[in-house]
Amino acid sequence: MTNADLSVNSPDLLRTPAPDQPENEPREECGVFGVWAPGEDVAKLTYYGLYALQHRGQEAAGIAVADGSQVLVFKDLGLVSQVFDEQTLAAMPGHVAVGHCRYSTTGSVTWENAQPIFRTTAVGTGLALGHNGNLVNTAELAARARELGLTSGRLSGGSMSATSDSDVMTALLAHAAADKSIEQAAMELLPTLRGAFCLTFMDEHTLYAARDPHGVRPLCLGRLDRGWVVASETAALDIVGASFVREIEPGELLAIDADGVRSSRFANPEPKGCVFEYVYLARPDSTIAGRSVYGTRMEIGRRLAGEHPVAADLVIPVPESGTPAAVGYAQGSEIPYGQGLMKNAYVGRTFIQPSQTIRQLGIRLKLNPLREVIRGKRLIVVDDSIVRGNTQRALIRMLREAGAVEIHVRIASPPVKWPCFYGIDFASRAELIANGSGPDDTESLDDMVENVRRSIGADSLGYISIEGMIAATEQPSSRLCCACFDGNYPIPLPTEAAIGKNVLEGILAGKSESELLGDNANASALSRP
């Protein structure tokens, strides 16, 4: 039984990391997709599924397919549309596939860290895995893999340099499958993983999907006429014509093959879904836990209008993520809604490094004011979040230059004060504009808001309250993770030296714990009183 890797088109140009997104925006995590459908073009279905999930990760994309005898993997750095073409997809026949689009939350932007990750088991079968989320016991798992001599790359003296939690996880799963089935091996491995994980993985015959016991990231099951689909968001089911069946439960493993869908429980569910999925990460046309993301954002806007009213002439969104909340704010305040900013839909990640002149244009590459709409107006500008504040600062300056007489900023999430270790690459705590006066949190909320208002140059600033945001989701607060807003991490975090995006790079380099601590910009998040 043979397994091939089609990923040969990785010239140095494609190994160059893409420029960062605007500094204030939260970085997404990843999107996963899987399909089991004999008789269908599963590679193309996966391509379209990833296309629907492109917003969740723009650094790399990959697809693995199997036809019953071998697993083929094709992956590269870039957007889904940059990585795949008709010729590539036509060369990937099969009945089962998994796909992945990546934004790195553990491990650097390298070809080796692109997914799906591929391994061969001791019995010669193939295993391809895609992971959305972020583990917090990566260092512990890497030590176990190193002791077993499993990890490809410098951990075992090889030439490859994969440094992601997903790679370590796949190595351990393939090893455990030496004397048992993939399904049995997963039931043993999954309870040892700590953190956030939504997985789609496969061998030559079967599609598997698993979700961590807290259900931090979304994962759903859909039905095709001739098969089944799993995806990070319901919007990806829609685009491939699959009907929504249900969400995959926290702590559940699914196996899908010719015998149908089998469900197993590897852990008791303790739901703690990421509230930021509703605020920003998920597509507005997706549904999470039975609640429309668009409806949630609209309701947040209505509640925001009630919590922070202000006299103004026009409500405008920062497109696109601020649009539903702006519509809701306009409804709640009975102030007219308008489009005051035009977004260039074709500005995204690119492998062409911008010149200094272009870089200085900053937000103008993405947004341009409609002067005839905003000139002489008192504006309410609705955005989804403020992380560092750089984009809001530039945006307000641009709106004033275009003739706005007042600018009142309203934010559809509470102040982001803590980093995320469960799959969103937020800034370190020291870089968060709402962090306040220090780790002791002695600054009052009013003082913090006033300091942020002055920093970005707005006439007034209002954030939705945590209570208002949670109420808009229609979910019980006990089932949501709000750690980036309140610092209450539902999954215990390890020591500062054993966490962070580049923890495996540090271990590979042989750094001491003190050196790892010095490298870890997010470590201050663990220093709560």
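Model, not experiment: these values are computed from the prediction.

A. Here's a closer look at the confidence of the model for the protein. With 80% of its residues at a pLDDT of 70 or more, the protein shows a mean pLDDT of 85. Contacts of residues 512–529 to residues separated by more than four positions or lying in other chains number 40 contacts, the stretch itself having pLDDT below 50.

B. Main features of the UniProt feature "active site" (unreviewed entry) in the protein. Per the UniProt annotation, the sites labelled "active site" (unreviewed entry) are C30. Examined against the element boundaries, C30 turns out to sit in strand β2 (residues 30–36). The contact partners of C30, leaving out residues within four places of it in the chain, are R56, H100, C101, R102, Y103, H131, N132 and S232.

C. Local environment of the UniProt feature "binding site: Mg(2+)" (unreviewed entry) in the protein. Look at the UniProt record and you will see "binding site: Mg(2+)" (unreviewed entry) annotated at S321, D383 and D384. Spanning 64 residues, the named residues nonetheless gather at one spot, since no C-alpha pair among them exceeds 7.1 Å. In this fold, S321 is placed in the loop between β18 (314–317) and α10 (323–333). The residues contacting S321, other than those within four sequence positions of it, are Y280, D383 and D384. Looking at the element boundaries, D384 is found in the loop between β21 (378–383) and α13 (390–401). Once residues within four sequence positions are removed from consideration, D384 is found in contact with V279, Y280, S321, G322, I411, A412 and S413. Within the structure, the side chain of D384 is placed 2.4 Å from the side chain of S321, a separation counted as a polar contact.

D. Representation of the pattern of salt bridges in the model. Considering all chains together, one arrives at 21 salt bridges under this definition. Overlapping salt bridges, with partners in common, bring together R56, R217, E233 and E277 in one network.

E. Representation of the sheet that holds strand β14 (residues 260–265) in the model. The antiparallel open sheet is built from six strands, whose spatial order is β6-β7-β8-β9-β13-β14. Two strands in the sheet have a free side with no partner beyond their single neighbour: β6 (117–120) and β14. Each strand axis lies, on average, 20° off the axis of its neighbour in the sheet, ignoring direction. One ladder, built from eight bridges, connects strand β7 (residues 126–135) with strand β8 (residues 195–202); its direction is antiparallel. Among the inter-strand pairings, H131 is bridged to a residue of β8, identified as L199. Sheet strands touched by helix α5 (residues 165–176): β6, β7 and β8. Its angle to β7, the strand with the most contacts, is close to 135°.

F. Structural view of the side chain of T88. Following the sequence through the fold, T88 ends up in helix α3 (residues 86–90). Judged by relative accessible area, which is 15%, T88 ranks as buried. In terms of polar contacts, T88 uses its side chain to reach the side chain of D85, at 2.8 Å.

G. A look at the packing of aromatic side chains. Considering all chains together, one arrives at ten aromatic pairs under this definition. Between F201 and Y208, the ring centres sit 5.0 Å apart and the planes meet at 15°, which makes this aromatic pair stacked. In this structure an aromatic cluster arises from ring pairing among Y47, Y48, Y51, F74 and F84. Sitting above the plane of the W228 ring, R223 keeps its charged end 4.1 Å from the centroid. Above the face of the W418 ring, R429 is positioned so that its terminal group lies 3.6 Å from the ring centre.

H. Structural context of the sheet that holds β21. Strand order in this open sheet of four strands is β18-β21-β22-β23, and the pairing throughout is parallel. Edge positions in the sheet fall to β18 and β23 (460–463), since each has one partner strand and no second. Direction aside, the axes of adjacent strands within the sheet are offset by 20° on average. Bridge count between β18 and β21: four bridges; the pairing is parallel. Each residue of the ladder has a partner; that of P317, found in β21, is V382.

I. Geometry of empty space enclosed by the protein. Taken as a whole, this structure holds six cavities of 30 Å³ or more when the rule is applied. Lining the second largest cavity we find V216, R217, C274, F276, P419, C420, Y422, I424, C481, C482, A483 and C484.

J. Structural detail: the nonpolar core. F276, V315, Y422, M469 and F485 are the most contacted members of the largest nonpolar core, which has 46 residues in total. Secondary structure elements with two or more residues in this core: α8 (276–281), α9 (293–307), α10, β21, α15 (466–473), β24 (480–481) and α16 (483–486). For this core, the leading source of residues is α8, giving five residues. When residues of this core are assigned to domains, at least three map to each of domain 1 (31–271) and domain 2 (292–345 + 356–473). The residues contacting Y422, other than those within four sequence positions of it, are G133, N134, V136, A196, V216, R217, C481, Y489, P490, I491 and L493. A37, L53, A97 and C101 belong to the second-largest nonpolar core, a separate cluster that totals 30 residues.

K. Expanded view of α5. The first and last C-alpha atoms of α5 sit 17 Å apart over twelve residues, in line with the 16 Å expected at 1.5 Å per residue. Taken as a whole, α5 has its buried residues at D165, S166, D167, V168, M169, T170, A171, L172, L173, A174 and A176.

L. Seen up close, a nonpolar patch on the surface. Where nonpolar side chains cluster on the molecular surface, the patch consists of Y48, Y51 and I239 and spans about 310 Å² of accessible area. Looking at where Y48 falls in the secondary structure, it is placed in helix α1 (residues 42–52). Residue Y48 is classed as partly exposed on the basis of its relative accessible area of 40%.

M. Spotlight on the state of the cysteines. The final tally for this structure, using the stated rule, is zero disulfides. Not part of a disulfide, C30 finds its nearest cysteine sulfur in C101, a span of 7.1 Å. Classification of C30 by relative accessible area gives buried; the value is 3%. Of all cysteine sulfurs in the structure, the one in C420 sits closest to C274, which takes part in no disulfide; the separation is 6.1 Å. Take C274: its relative accessible area is 8%, and that puts it in the buried class.

Parameters at a glance
Residues numbered from 1 in each chain as written. Predicted model: local features only at pLDDT ≥ 70, side-chain atom pairs only at ≥ 80, totals over all residues. Heavy atoms only, no water. pLDDT = per-residue confidence, 0-100. Contact = heavy atoms within 4.5 Å. UniProt positions renumbered as here; feature names shortened; annotations may be inferred. Helix = DSSP H or I, 4+ residues; strand = E, 2+ residues; numbered from the N terminus. Polar contact = N/O pair within 3.5 Å; in protein donor to acceptor, adjacent residues only side chain to side chain. Salt bridge = Lys/Arg side-chain N within 4 Å of Asp/Glu carboxyl O. Pairing = 2+ DSSP bridges. Axes fitted to C-alpha atoms, helices over the stretch in contact; angles between N-to-C directions. Buried < 20%, exposed > 50% of the residue type's maximum accessible area, 1.4 Å probe, protein only. Phe/Tyr/Trp six-rings, centres within 6.5 Å; stacked < 30°, edge-to-face > 60°. Lys NZ or Arg CZ within 6 Å of the ring centre and 35° of its normal. 1 Å grid on protein atoms, 1.4 Å probe; cavity = no way out; pocket = protein on both sides within 12 Å on 5 of 7 lines; lining within 4 Å. Points joined across faces, edges and corners; volume = space filled by probe spheres on them. Core = buried A, V, L, I, M, F, W, Y, C linked by side-chain atoms within 4.5 Å. Domains from an automatic or database assignment. Expected span 1.5 Å × (residues − 1). Patch = residues over 30% accessible without salt bridge, like charges linked within 9 Å, V, L, I, M, F, W, Y side chains within 5 Å. Areas by Shrake-Rupley, 256 points an atom, 1.4 Å probe, with all protein chains shown as cover. Disulfide = S-S within 2.5 Å.

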